[in-house]
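Spelled out from the first residue to the last, the chains are:
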Amino acid sequence: MKLAEHVGLDRYTTIGTGGPARWFAEPASLDELAELLAWAAGERIVVETVGLGSNVLVHDDGVDALVLRLRGTLAEVRVDGEQLVAGGGATNAVCLHRARDAGLGGFEFASAIPGTVGGGVRMNAGAYGRDFRAVLAEAVVVSAAGVRTAGADELALAYRSSSLGQGDVVAQVRLRLEPRHPVAIRAEVAALLAQRKQTQPTNKRTFGSVFKNPRPDLGAGWAIEQCGLKGFRSGGAVVSERHANFIENAGGATAADCLALMAEARVRVKERFAVELEHEVRFLGPLELPPL
Ligand SMILES: Cc1cc2nc3c(=O)[nH]c(=O)nc-3n(C[C@H](O)[C@H](O)[C@H](O)COP(=O)(O)OP(=O)(O)OC[C@H]3O[C@@H](n4cnc5c(N)ncnc54)[C@H](O)[C@@H]3O)c2cc1C
């Protein structure tokens, strides 16, 4: 069991901020994962998992937990008939390529979501009207209590949420896809990526959407923009000029800088629209937004 101590998490998050994990490990098999979870349970240590860190904000002082990142067989991808079987640590990009090469469509929506399938299930990540719920046949979830297999209903996948909690590790997923010509898949992915480039800061360090949309008819980005916050800055963090529901690390940003921008956005949006923005980004460590 390979365990590291005090590993900086800034390099494991797309925003590039955050302090160290008290404990860090990269299990490469189910056995290694089970061993690490048993050790953490015995030591009463909290377990967190990161995928590509594309929707997490880590406390600047770090996380008093065992942070896991899945590797090896826990990140492998294979095709099984019309299903794609992927380790929880496999990236959406690799899954999409494997599906396309096998002539399987249905996962194109994930082309612009820079995460792993484990993080995708946890967040029920989605775009362009489709999400993981639409394609998930089942997921293998491992925790200190053991291994279970669960479908989208059992995992309560809903808008950017699931019932998965701390210590639940999505070790494998089975995606239900459908036959589609690779040329059609390639064309749709190219169109979606081009659309994304127009509307979001794809070449900056961000953690994706900061807040969930409060209502289907009220986008968080639009609401924040109406409050005049595009370009608003705190330290090294800035509200994106391209899309106001993104915070960019403009250089030397800290988690505290990001949190300050989030707090300001919540206050102003509440004043103007009488809604309380709920954060989509997941907090690792004792981060908290001030009450409204
Ligand atoms: C430029 C950009 C664009 C984005 N666009 C979208 C979008 O269109 N739609 C969308 O939904 N999201 C989007 N996101 C957010 C993010 O990419 C998704 O939420 C993604 O699914 C997170 O996956 P991840 O592997 O990076 O998870 P992380 O960010 O590492 O983790 C997210 C959460 O999942 C948990 N987790 C991660 N892996 C596992 C696992 N194996 N088992 C259990 N829990 C796990 C973490 O503990 C955390 O709570 C975007 C992000 C960026 C930076």
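Residues numbered from 1 in each chain as written. Predicted model: local features only at pLDDT ≥ 70, side-chain atom pairs only at ≥ 80, totals over all residues. Heavy atoms only, no water.

Observations regarding the overall build of the protein
- Each helix and strand counted, the protein has 7 helices and 18 strands in total.
- Scaling as 2.2 N^0.38, a compact globule of 292 residues should have a C-alpha radius of gyration of about 19 Å, and the protein matches this with 19 Å.
- Burial statistics for the protein: of 292 residues in total, 52% are counted as buried.
- Long-range pairs, those at least 24 residues apart, make up 64% of the contacts in the protein between residues at least 6 apart in sequence.
- Accessible area for the protein stands at about 13200 Å²; split by element, carbon and sulfur atoms hold 48% of it.
- Measuring between centres, the 32 positive side-chain charges of the protein sit 5 Å from its 34 negative side-chain charges. (Helix = DSSP H or I, 4+ residues; strand = E, 2+ residues; numbered from the N terminus. Rg over C-alpha atoms; globule rule 2.2 N^0.38 Å. Buried < 20%, exposed > 50% of the residue type's maximum accessible area, 1.4 Å probe, protein only. Contact = heavy atoms within 4.5 Å. Areas by Shrake-Rupley, 256 points an atom, 1.4 Å probe, with all protein chains shown as cover. Lys, Arg positive; Asp, Glu negative; His and termini not counted. Charge placed at Lys NZ, Arg CZ, Asp CG, Glu CD.)

Considering the site of the ligand
- Taken together, 32 residues lie around the ligand, and Thr49, Ser54, Asn55, Thr116 and Arg196 are the ones closest in.
- Between the ligand and Asn55, the relevant distance is 2.7 Å, taken from an oxygen atom to a main-chain nitrogen or oxygen of the residue.
- One of the backbone N or O atoms of Gly119 is found 3.4 Å from a nitrogen atom in the ligand.
- In isolation the ligand offers 960 Å² of accessible surface; the protein chains occlude 94% of this area.
- Of all the secondary structure elements, the ones that give two or more residues to the shell around the ligand are strand 3 (47-50), helix 3 (117-123), strand 9 (126-127) and strand 13 (169-176).
- Looking at which element gives the most residues to the shell around the ligand, the answer is helix 3, with 5 residues. (Near = heavy atom within 4 Å. Polar contact = N/O pair within 3.5 Å; in protein donor to acceptor, adjacent residues only side chain to side chain.)

Observations concerning the packing of aromatic side chains
- This structure, assessed with the given rule, holds 6 aromatic pairs.
- Ring geometry for Tyr12 versus Phe24: centroids 4.9 Å apart, planes at 25°, classification stacked. With Tyr12 in the loop between strand 1 (4-8) and strand 2 (20-25) and Phe24 in strand 2, the pair connects residues that are 12 residues apart, well separated along the chain. Assigned by exposure class, Tyr12 and Phe24 land together as buried.
- Summarising the aromatic geometry, the rings of Phe109 and Phe132 are spaced 5.9 Å apart at their centres and angled 90° between planes, so their arrangement reads as edge-to-face. Residue Phe109 is located in the loop between strand 8 (104-105) and helix 3, and its partner Phe132 is located in helix 4 (residues 132-135); the two are separated by 23 residues in the primary sequence.
- Note on Phe132: relative accessible area 0%, which makes it buried.
- Here the aromatic cluster, defined as three or more aromatic residues joined through ring pairs, consists of Phe107, Phe109 and Phe132.
- The positively charged end of Arg268 is found above the aromatic ring belonging to Phe232, 5.2 Å away from the centroid. (Phe/Tyr/Trp six-rings, centres within 6.5 Å; stacked < 30°, edge-to-face > 60°. Lys NZ or Arg CZ within 6 Å of the ring centre and 35° of its normal.)

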